[in-house]
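Report on the structure
Residues per chain are reported as follows:
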Amino acid sequence: MGTKLYCGNLSYNVSSSDLEELFSQFGTVESAQVITDRDTGRSKGFGFVEMSSKAEAQAAIDGLNEKVQDLLRYARPRRPEPAPVQLAALIRDTARLLRRDPGLRGVEVEITGDDLQVLADAEQLRDVFQNLLLNAAQAMDGKGRIEVSLSNEDGRCRVAVADNGPGVPGEIRERVFEPFFTTRNYGTGLGLAIARQVVEAHGGWIGLVPADTGGAVVALELPLKPPEPRA
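Small disclaimer: the values here were computed from a predicted structure and weren't measured. (Residues numbered from 1 in each chain as written. Predicted model: local features only at pLDDT ≥ 70, side-chain atom pairs only at ≥ 80, totals over all residues. Heavy atoms only, no water.)

1. So, the overall build of the protein chain
Check the secondary structure of the protein chain and you find 5 helices and 9 strands. Helices and strands in the protein chain line up, N terminus first, as β-β-α-α-β-α-β-β-α-β-β-α-β-β. Residues counted as buried form 37% of the 231 residues belonging to the protein chain. As presented, the protein chain carries roughly 13800 Å² of accessible surface, and 49% of it is formed by carbon and sulfur atoms. (Helix = DSSP H or I, 4+ residues; strand = E, 2+ residues; numbered from the N terminus. Buried < 20%, exposed > 50% of the residue type's maximum accessible area, 1.4 Å probe, protein only. Areas by Shrake-Rupley, 256 points an atom, 1.4 Å probe, with all protein chains shown as cover.)

Right under this line is the structure:
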């Protein structure tokens, strides 16, 4: 039995289990507010989830904030503010930030190919590649190699992100970019949906492509920055 969830002018059918997860998270945040306000070690009050420390409460708040921000980004996408972006440098910086997570330090990111420049919103593209790299790293349980290749394909920049994890089962390949679809026990299932939204807003394309040696490969294409006119 599903329920319709409204966000702005969008509506989605959400399962009962997803709603229970959402409401449990709001309960957790309310507990965290009580702990923070009263400066106690445990929460009190009807319907609150007990927590043992402020750190646990803050982690709950941070986790829910990420989910809310994902929902807002998808429901009310910001219009891109294009500027010249060196794509290899942006991906390299994003990978460096990713490896600051202690659980992902066993991940190696190799970037190869052409150093291409696109006309794009750097902040939005950074979010796209952060999501793709994080998905790849989590698919490998935080250990392994991610290969990112850049190439010029008929005047368009093509980027392929390949991991050596278990790959994506055939029965769900068509669903991974759907909003709220996830195979994990956490998260909103909006990461790849937002990535597609951003890429398409830049006049590009993103999708899963066949992998030669196992794992998963996500490829995207973006228009290259037009050459400067000659004086």
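Resuming the write-up.
2. So, the pattern of salt bridges
Tallied over the full model, the rule gives 9 salt bridges. Residue Arg158 pairs with Glu221 through a salt bridge whose shortest N-O separation is 3.1 Å. Placement of Arg158 in strand β7 (residues 156-163) and of Glu221 in strand β9 (residues 217-223) is noted, with a sequence separation of 63 residues between them. With relative accessibility at 18%, the residue Glu221 sits in the buried group. It is possible to trace a salt-bridge network through shared partners that takes in Arg78, Glu81, Asp121 and Glu123. (Salt bridge = Lys/Arg side-chain N within 4 Å of Asp/Glu carboxyl O.)

3. Observations concerning the sheet that holds β9
In space, the 5 strands of this open sheet follow the order β4-β6-β7-β9-β8, with mixed pairing throughout. Looking along the sheet, the strands with just one partner apiece sit at the ends: β4 (106-113) and β8 (205-209). Across this sheet, the average inter-strand angle for adjacent strands is 15°, counted without regard to direction. Note that β7 and β9 share 7 bridges and pair antiparallel. Counterpart to Ala160 in the pairing with β9 is Ala219. Here helix α5 (residues 191-201) sits on the sheet and contacts β8 and β9; the angle it forms with β8, its principal contact strand, is near 135°. (Pairing = 2+ DSSP bridges. Axes fitted to C-alpha atoms, helices over the stretch in contact; angles between N-to-C directions. Contact = heavy atoms within 4.5 Å.)

4. Observations regarding the side chain of Asn131
The residue Asn131 is located in helix α4 (residues 122-139) in this model. Filtering out sequence-adjacent residues up to four positions away, Asn131 remains in contact with Gly191 and Leu192.

5. A few points about the confidence of the model for the protein chain
In the predicted model, the protein chain carries a mean pLDDT of 76, and 63% of its residues have values of at least 70. The low-confidence segment residues 1-12, where pLDDT is below 50, has 23 contacts with residues more than four positions distant or belonging to other chains. (pLDDT = per-residue confidence, 0-100.)

6. Considering helix α3 (residues 87-98)
Over its 12 residues, α3 extends 17 Å from the first C-alpha to the last, a length consistent with the 16 Å expected when each residue adds 1.5 Å. All of the buried residues in α3 are Leu87, Ala88, Leu90, Ile91, Thr94, Ala95 and Leu98. Along the axis of α3, the buried positions cluster into a sector of 160°, meaning they face one direction only. Among the structural elements, β3 (83-86), β4, β5 (117-120), α4, β6 (143-153) and β7 are those in contact with the buried residues of α3. (Expected span 1.5 Å × (residues − 1). Arc of directions from axis to C-beta.)

7. Brief notes about the environment of Ile111
In this structure, Ile111 sits in strand β4. On the accessibility criterion, Ile111 (22% relative accessible area) is partly exposed. When neighbours within four sequence positions are excluded, Ile111 is seen to be in contact with Ala88, Ile91, Arg92, Val148 and Leu150.

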